[in-house]
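Summary of the model geometry
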Amino acid sequence: MTQRAPETGIRVIVVGAGFAGLTAAIECHLKGHSVLVLESFPELKPLGDVISFGPNAGRIMARWGNGSVYDKLYPICHRNKELIFYKWNGEFITSQPVYPMNREAPSVNGHRGEIHEIVFNHAKELGIEIRLGCRVLEYVEEKDRAGVRVNGETLWADVVVGSDGVRSKARELVLGYVDKPKSSGYAIYRAWLDSTPLLHDPLTKHLVVNGDTHTGWLGPDVHFLAASVKDGKSFSWVCTHKDEGDIEESWSFPGKIEDALKVLDGWDPVCRRIVELTQDCVDWKLVYRDPLPTWVSKEARTCLAGDAAHPFLPTSIQGASQAMEDGVVLAACLQLAGKQNVPLAVRAYEKIRYGRVRRAQLLGEETRDMWHKADWDEVKKNPDIIKLKRDDWLFLFDCEKNTYEVWDETVKELTGAHEGGHNLLPAQPTAMISA
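Labelled according to an unreviewed UniProt entry, the protein appears under the name FAD/NAD P-binding domain-containing protein, originating from Gloeophyllum trabeum.

**Considering the pattern of salt bridges**
Should their charged atoms come close, side chains of opposite charge can pair. Scanning all chains against the criterion turns up 32 salt bridges. Here Glu7 and Arg4 are joined by a salt bridge, their closest N and O atoms 2.9 Å apart. We classify Glu7 as exposed; its relative accessible area is 58%. Accessibility expressed as a relative area gives 34% for Arg4, which makes it partly exposed. With its nearest N and O atoms 2.7 Å apart, the salt bridge here joins Arg273 to Asp201.

**As for the sheet that holds strand 1 (residues 11-15)**
The five strands lie next to each other as 7-2-1-11-18, forming an open sheet whose pairing is parallel. The open sheet has two edge strands with one neighbour each: strand 7 (129-132) and strand 18 (302-304). Along the sheet, successive strands turn relative to each other by an average axial angle of 20°, direction set aside. Here strand 2 (residues 34-39) pairs with strand 7 via four bridges, running parallel. Residue pairing in the sheet places Glu39 in a bridge with Leu132 of strand 7.

**Considerations on the domain arrangement of the protein**
Domain annotation of the protein identifies domain 1 (11-80 + 100-179 + 290-373 + 388-415) and domain 2 (182-288). For domain 1 and domain 2, the distance between their C-alpha centres works out to 28 Å. With 24 residues of domain 1 in contact, the opposing surface of domain 2 contributes 31 residues. Carbon and sulfur atoms supply 58% of the area that domain 1 and domain 2 bury against each other, a total of about 2300 Å² over both sides. Ranking the residues of domain 1 by area buried against domain 2 places Arg167, Trp371 and His372 at the top, with a combined share of 28%. The tally of links from domain 1 across to domain 2 stands at three salt bridges. Across the pair Arg190 and Asp49 runs a salt bridge, and its minimum N-O distance is 2.5 Å. Across the domain 1-domain 2 interface, the total number found is eight residue pairs in polar contact (both at pLDDT 80 or more). Counting only elements with at least two residues in the side of domain 1 that touches domain 2, the list comes to strand 6 (108-111), helix 4 (112-125) and helix 10 (342-372). The element best represented in the side of domain 1 that touches domain 2 is helix 10, accounting for five residues. Here the side of domain 1 that touches domain 2 is built from residues that sort into seven nonpolar, seven polar and ten charged.

Scoring rules and cut-offs
- Residues numbered from 1 in each chain as written.
- Predicted model: local features only at pLDDT ≥ 70, side-chain atom pairs only at ≥ 80, totals over all residues.
- Heavy atoms only, no water.
- Salt bridge = Lys/Arg side-chain N within 4 Å of Asp/Glu carboxyl O.
- Buried < 20%, exposed > 50% of the residue type's maximum accessible area, 1.4 Å probe, protein only.
- Pairing = 2+ DSSP bridges.
- Helix = DSSP H or I, 4+ residues; strand = E, 2+ residues; numbered from the N terminus.
- Axes fitted to C-alpha atoms, helices over the stretch in contact; angles between N-to-C directions.
- Domains from an automatic or database assignment.
- Contact = heavy atoms within 4.5 Å.
- Buried area = accessible area lost by both parts, 1.4 Å probe.
- Polar contact = N/O pair within 3.5 Å; in protein donor to acceptor, adjacent residues only side chain to side chain.
- Nonpolar A, V, L, I, M, F, W, Y, C, P; charged D, E, K, R; others polar.

If you want it as structure tokens, here you go:
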């Protein structure tokens, strides 16, 4: 959809202006709903390092602004031809071609802050109201409306979307208790830097001199991924390793280069040199949550989206993509149900999304274990077993089209449709996965 649909009269408050929140806001606006976005950060800053969106999310961005959003994304995105794998000691394993380029459903990989800024600005250009510096202190709900308390006042809407991250406050209202994150047992050292030092070093020059590259080193309970971006001018690396660090206070700390080098002790000199040429890095503790029993509140006027509902391991390479799918499906469900049936729309959103998201989450665990616990004798016989899975059910999926296709069936399952009307009883999410 490239033009805004007729007004639905549905008022939506979105908490959090990350990729889940911004997508929900943009899609709700396009579907004719009235949207207000609340973000705790006082100003937009292009922070972070590399982020990846699969073609299933790329097709969402490619539709926005008649393609103008993707036109802005393309120059800053990673355009390598293959992912090259090495064993931790520098022994070549195999290479994997990138997923075929498709203008209607492109992969979008680049600097998190730069991509976020483009999406944020698109939301503003559409006229969506975004209030920065608004920290939500409490979520509230009544039978016919939901709201948030912020800056000394209560704001009400027909539905509130809690896309407020892994430490979501909305989750407390939805679950009825505080659900604390726990350590996944892993952490990541990660960095983004100018490529000039690598260009001038003979060990690393080949990674940047001919444009964009993507390289991975795999070892016992450690993997290291490095990519040059913007025609080799920028560089990013991430090192995932075992770590049981406490995550009660924060999940991201300033990292120490010497600590990252300790993890890579005895590794390929090329891999170590990348880290040695880096000025600073971030130590990011990977938090984990068991799948939530529900993403929807008792009255189905408040729902969770993105990391608030389903934190992903980076090895899934789908966390941000699934967050965007959440926003699209919710907006479409609200449009299909109408203002009189908002609770039905919210429950349908959960039912349509739940199984697909869980399947994508498990893919991240499988990839991590595949790399960290590789049987190198078996890999030598069949190098393909360590390649990233890029299945059609995941990448070729059109979440908007699928929502329209399964809507009637979903409503029937949720309501127990019978003569005399609908019974809008809450239903447990099911693994509705459409390929």
